[in-house]
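Architecture and fold: a report
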Amino acid sequence: MQGQAIGCKEQEIAKTMSFHVGDEVIVIVMAGDARIDNKKYKSFFHKKAKMLHGDEVESLTGHPVGGVCPFGLKEGIKVYLDESLERFRSCLSSMWRP
């Protein structure tokens, strides 16, 4: 596992999930063990959570499936930080590399 390889817990490696919100694409960075709470998502964005389909992730975000991170995204993509990250003093971002 990624966390064991670098000496931290899996939940300390932030994951980035990508979604459609109307005509926009957004990403949400959350703790590695967190899940989207659909009720809170809908309350905040006023839309049902709709993840990007695998075949559109790279073209819309600039990163391949499994490698989306909050850095180097295509222009205009908003990045949101989930409250699940608040419990950590620091965390690492999971990133794909070729």
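What you see is a predicted model, and the numbers here were worked out from it, not measured in a lab.

**As for the pattern of salt bridges**
For the structure on display, the rule yields three salt bridges. Between K40 and E83 there is a salt bridge, with its nearest N and O atoms 3.2 Å apart. On the criterion of sequence distance, the pair formed by K40 in helix α2 (residues 38-45) and E83 in the loop between β4 (78-81) and β5 (92-93) is long-range, its members being 43 residues apart. Take K40 and E83: they sit in the same class, and that class is exposed.

**With respect to the environment of R87**
Here R87 is to be found in the loop between β4 and β5. The spacing of R87 and A31 is 56 residues in sequence and 9.1 Å in space, taken between C-alpha atoms. Polar contacts involving the side chain of R87 include one to the side chain of D33, which spans 2.4 Å.

About the cut-offs
Residues numbered from 1 in each chain as written. Predicted model: local features only at pLDDT ≥ 70, side-chain atom pairs only at ≥ 80, totals over all residues. Heavy atoms only, no water. Salt bridge = Lys/Arg side-chain N within 4 Å of Asp/Glu carboxyl O. Helix = DSSP H or I, 4+ residues; strand = E, 2+ residues; numbered from the N terminus. Buried < 20%, exposed > 50% of the residue type's maximum accessible area, 1.4 Å probe, protein only. Polar contact = N/O pair within 3.5 Å; in protein donor to acceptor, adjacent residues only side chain to side chain.

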